[in-house]
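Examination of the molecular architecture
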Amino acid sequence: MYLPPHDPHVDDPMRFKPLFRIHLMERKCATVECMYGHKGPHNGHIQIVKKDEFSTKCNQTDHHRMSGGRQEEFRTWLREEWGRTLEDIFHEHMQELILMKFIYTSQYDNCLTYRRIYLPPSSPDDLIRPGLFKGTYGSHGLEIVMLSFHGKKAKGTKITGDPNIPAGQQTVEIDLAHPLQLPDIENLRDFSELSRLVLEVQEQVRREEQEQEQQEEEHSQQAASQPAATPLGAEGVEGEETAAGAEGTTQNKAPASQPFVLPMGVISRNEDYPRTCRICFYGTGLIAGHGFTSPERTPGVFVLFDDDRFGFIWLELKSFSLYSRIKVSFQNAEAPSREAFDEMLKNIQSLAT
């Protein structure tokens with residue numbers, strides 16, 4: 001298991017924790033040991049479920065328990081997961097979320113299912129190299145997000161989740177066709193000014209989507225009435241638009257850096273964010289109540305700092321998430337094709353819902 005660093009230090013390296021091991025004794029014979037808990041290796045079981053999926057099960061869960069009961073287990077988990085004690089965390093809401101996470105995860109420490117995850121394929125036109133990033137999520141702590149590019153959109157998919165938004169959901173979506181020109185540094189401190197800019201772009205995006213829907217409806221009606229009159233160059237026109245969009249993205253790839261500061265009132269778990277950025281885009285972020293209730297996409301600002309760091313300002317929450325690239329080298333994690341990667345994204349989202 002790869003664990004994120006302690007909140008809110010996103011630039012620190014990932015932490016490694018072994019969960020099980022296999023001793024190959026002879027051909028078609030092996031011994032499986034569970035490494036979970038604090039009493040050393042003990043008897044476990046591994047089962048191949050199907051292609052790219054397997055499960056592990058602990059056969060001696062008493063090795064996971066501690067003599068001091070659940071309180072000692074919680075204190076130990078808290079030190080490992082957060083690097084602090086509950087007394088160090090003064091915010092009651094944060095204490096409640098941490099306790100929920102402990103209760104939820106400790107229910108499944110004896111039986112786990114593993115599914116393959118591909119790293120996102122890259123293209124020369126990508127804003128930055130796609131991959132896995134550690135991100136701050138307020139009182140939820142640090143979570144792992146996969147950044148991938150899809151034409152004029154970029155998507156941040158949660159690899160680890162929380163009581164509000166589970167793993168597999170698309171936490172942020174970046175509209176690469178709508179860059180944002182931030183105001184000067186003094187006006188940027190004014191949250192209402194940033195909010196005005198973002199909401200103007202949101203309205204523009206809404207109008208463009210309506211116009212596109214109307215055009216598609218008109219085209220479909222024309223095609224239904226005159227099926228033989230479909231222009232031969234239609235596909236070529238669409239391809240030209242896509243190329244133009246890609247070219248625009250590439251041109252915006254490495255502009256001169258500009259000063260950056262969070263507006264007054266925006267909460268950040270990590271105050272050590274970069275004070276210059278390359279470019280910003282309009283985007284949306286997914287928020288929901290506990291148990292993924294009433295999910296909705298809300299407007300925000302994607303901020304590209306450098307090749308390994310970006311941020312997202314959640315307008316409605318008045319909150320800021322800072323993301324830093326995971327630099328662990330994973331073997332054999334590349335997707336065999338773009339289609340295989342897209343299919344994987346659909347699968348992990350369907351599992352979450």
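Look above for the structure.
First, a word on what this report is: a plain description of the structure on this page. Fair warning: this is a prediction, and the values are worked out from it, not measured in the lab. (Residues numbered from 1 in each chain as written. Predicted model: local features only at pLDDT ≥ 70, side-chain atom pairs only at ≥ 80, totals over all residues. Heavy atoms only, no water.)

1. Considerations on a negative patch on the surface
- A grouping of Glu208, Glu209, Glu211, Glu213, Glu216, Glu217 and Glu218 is seen on the molecular surface, where their side chains present a negatively charged patch.
- Within the secondary structure, Glu217 sits in helix 4 (residues 191-225).
- Here Glu217 falls in the partly exposed class, since its relative accessible area comes to 47%. (Patch = residues over 30% accessible without salt bridge, like charges linked within 9 Å, V, L, I, M, F, W, Y side chains within 5 Å. Areas by Shrake-Rupley, 256 points an atom, 1.4 Å probe, with all protein chains shown as cover. Salt bridge = Lys/Arg side-chain N within 4 Å of Asp/Glu carboxyl O. Lys, Arg positive; Asp, Glu negative; His and termini not counted. Charge placed at Lys NZ, Arg CZ, Asp CG, Glu CD. Helix = DSSP H or I, 4+ residues; strand = E, 2+ residues; numbered from the N terminus. Buried < 20%, exposed > 50% of the residue type's maximum accessible area, 1.4 Å probe, protein only.)

2. Notes on the sheet that holds strand 3 (residues 20-26)
- The antiparallel open sheet is built from five strands, whose spatial order is 3-4-5-6-7. The sheet is open, and its two borders are formed by strand 3 and strand 7 (111-115), each paired with just one other strand. The average undirected angle you get between the axes of adjacent strands in this sheet is 30°. (Pairing = 2+ DSSP bridges. Axes fitted to C-alpha atoms, helices over the stretch in contact; angles between N-to-C directions.)

3. Thoughts on the pairing of strand 11 (residues 170-180)
- Among the eleven residues in strand 11, eight count as buried, and that is most of the element.
- In terms of strand pairing, strand 10 (residues 153-158) meets strand 11 through five bridges, oriented antiparallel. When the sheet's bridge partners are listed, Lys155 is paired in strand 11 with Glu173.
- Pairing analysis gives five bridges linking strand 11 to strand 15 (residues 279-289), with the strands arranged antiparallel. Paired with Ile174 across the bridge in strand 15 is Gly283.

4. Comments concerning the packing of aromatic side chains
- Under the definition given, this model contains 20 aromatic pairs.
- With centroids separated by 5.0 Å and ring planes inclined at 65°, the aromatic side chains of Phe133 and Phe310 adopt a geometry described as edge-to-face. One end of the pair, Phe133, is in strand 8 (residues 131-136); the other, Phe310, is in strand 17 (residues 309-314), and 177 residues separate them in sequence. Across the pair, Phe310 and Phe133 agree in class, each one buried. (Phe/Tyr/Trp six-rings, centres within 6.5 Å; stacked < 30°, edge-to-face > 60°.)

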